[in-house]
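# Notes for the structure review
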Amino acid sequence: MRALSRIQRFNQRAQIAGVLRSWQQQYPGDKDGVAKKLAALNLKRCSPRTVEKIIGNKSWTCLFCSACTEYHDDGIVFDDGDRTILLCGECLTIASKLIEA
Ligand SMILES: [Zn+2]
């Protein structure tokens, strides 16, 4: 089924594990010392909140729901290669109820 490869569960652990590499790509030079602080963490085990305190927001650790426009630790990622749509569980439940109605 083609849709299954386009619908994935958001993997917060993988997101956090890659945050240092992503940060260094976006902000080479580490002017504010964020990369150094991230490098000191065990990114395979540290809490999302620890990373968020260092960076100052949830945009590098959480799913930003396309429907309710809030950050969540879990959700679903739809990606067709051109577009990515992120939905939290609550909004998925609302969508499911709409189609069942
Ligand atoms: Zn939502």
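Residues numbered from 1 in each chain as written. Predicted model: local features only at pLDDT ≥ 70, side-chain atom pairs only at ≥ 80, totals over all residues.

This part is about the sheet that holds strand β4 (residues 76-79). The strand order β1-β4-β5 describes an open sheet built from three strands, whose pairing is antiparallel. Each having just a single partner strand, β1 (7-9) and β5 (84-87) make up the two edges of the open sheet. Across this sheet, the average inter-strand angle for adjacent strands is 25°, counted without regard to direction. Of the strand pairs in this sheet, β1 and β4 are connected by three bridges, and their pairing is antiparallel. The residue bridging Arg 9 from the neighbouring strand is Ile 76, located in β4. (Pairing = 2+ DSSP bridges. Helix = DSSP H or I, 4+ residues; strand = E, 2+ residues; numbered from the N terminus. Axes fitted to C-alpha atoms, helices over the stretch in contact; angles between N-to-C directions.)

In this section: the environment of Ala 35. With respect to the helices and strands, Ala 35 occurs in helix α4 (residues 34-39). Measuring from C-alpha to C-alpha, the distance between Ala 35 and Ile 55 comes to 9.2 Å, with 20 residues separating the pair along the chain. Once residues within four sequence positions are removed from consideration, Ala 35 is found in contact with Leu 20, Trp 23, Gln 24 and Asp 30. (Contact = placed C-beta atoms within 7 Å.)

This paragraph deals with helix α3 (residues 19-26). Turning to α3, its buried residues number three or more, namely Val 19, Leu 20 and Trp 23. Summarising the axial view, the buried residues of α3 lie within an arc of 95°, below the 170-degree limit, and thus occupy one face. What points out from α3, more than 90 degrees from its buried face, is the exposed set Arg 21, Ser 22 and Gln 25. Buried positions along α3 lie against α2 (12-17), α4 and α5 (48-55). (Buried ≥ 20, exposed ≤ 12 C-beta atoms within 10 Å, placed from the backbone. Arc of directions from axis to C-beta.)

Let us look at the pairing of β4. Two elements, β4 and β5, share four bridges in a ladder whose sense is antiparallel. Bridge pairing links Val 77 to Leu 86 in β5. Adjacent in sequence and paired antiparallel, β4 and β5 are bridged by four residues, among which Gly 81 carries a positive phi angle near 95°.

Let's shift gears to unusual backbone geometry. The residue Asp 30 is not glycine, and still its phi comes out positive at about 50°. You can see Asp 30 is positioned in the loop between α3 and α4. Phi is positive for Thr 69, close to 50°, though the residue is something other than glycine. Structurally, the position occupied by Thr 69 is in the loop between β2 (63-64) and β3 (71-72). Of the residues examined, Thr 69 has 8 C-beta atoms within 10 Å and is grouped as exposed.

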